[in-house]
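What the coordinates show
One letter stands for each residue in the lines below.
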Amino acid sequence: MGSVVVKGTGKIGACPKNPELLHELVRQQRRACNLAISCFMEADRGLVEPQGPDLGQTALRATIRDFVRSGRTSAGCPLIKSPLDNDV
């Protein structure tokens, strides 16, 4: 019997208990993503050493997390942790 290729798509639905918390989490994650993109754009422009310790995965994640945390606490909002987050 030969193998068969099946093409399909599906939608994943989410029904959070607290929709506002989900929106805040998305805002927070979007901010972190934009900060990471900015770091790599600075490296491409030569403003930061591309192979330097500041752009290492662990150091960059910790720096971005601290930056997002300080921004959220200065706005009077707690840092929202997702079950998908890894502590660094």
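Scroll up to find the structure this text is about.
Notes on the structure in this doc start here. Computed from a predicted structure; not experimentally measured.

**As for the overall build of the chain**
Looking only at helices and strands, one finds 2 helices and 0 strands in the chain. Among the 88 residues that make up the chain, the fraction classed as buried is 18%. Within the chain, counting contacts between residues at least 6 apart in sequence, those at least 24 apart form 47% of the total. With an accessible surface of roughly 7,400 Å², the chain has 58% of that area assigned to carbon and sulfur atoms.

**Some words on the environment of R69**
Looking at the element boundaries, R69 is found in helix α2 (residues 57–74). Classification of R69 by relative accessible area gives partly exposed; the value is 33%. Residues R69 and L79 lie 10 residues apart in sequence; the distance between their C-alpha atoms is 5.7 Å.

**So, helix α1 (residues 19–45)**
In an α-helix, one turn spans 3.6 residues, which is why side chains three or four residues apart end up on the same side. Here α1 is 27 residues long and its end C-alpha atoms lie 39 Å apart, about the 39 Å a rise of 1.5 Å per residue gives. All buried positions along α1 are accounted for by E24, L25, Q28, A32, L35 and A43. The first or second residue beyond α1 is G46, which carries a positive phi of 85°.

**Digging into the pattern of salt bridges**
Under the definition given, this model contains 4 salt bridges. Shared partners join several salt bridges into a network, and the residues in it are E20, E24, R27 and R72.

Definitions and cut-offs
- Residue positions are given per chain, counted from 1 along the sequence in the order it is written.
- Predicted model: local features are reported for residues with pLDDT of at least 70 only, side-chain atom pairs are reported and counted for 80 or more only, and whole-chain, interface and lining totals are derived from all residues.
- Note that the side-chain values use all heavy atoms of the structure and ignore hydrogens as well as water.
- Only DSSP runs of H or I with at least four residues qualify as helices, and only runs of E with at least two residues qualify as strands; both kinds are numbered from the N terminus onward.
- Only protein chains enter the accessibility calculation, which uses a 1.4 Å probe; a residue whose area is less than 20% of its type maximum is buried, one above 50% is exposed, and one in between is partly exposed.
- Only heavy atoms matter for contacts: two residues are in contact if any of them lie within 4.5 Å across the pair.
- Here the accessible surface of atoms and residues is derived via Shrake-Rupley with a 1.4 Å probe, and residues count as covered only by protein chains that are part of the display.
- One fewer than the residue count of a helix, multiplied by 1.5 Å, yields its expected span.
- Salt bridges are counted wherever a side-chain nitrogen of Lys or Arg sits within 4 Å of a carboxyl oxygen of Asp or Glu.

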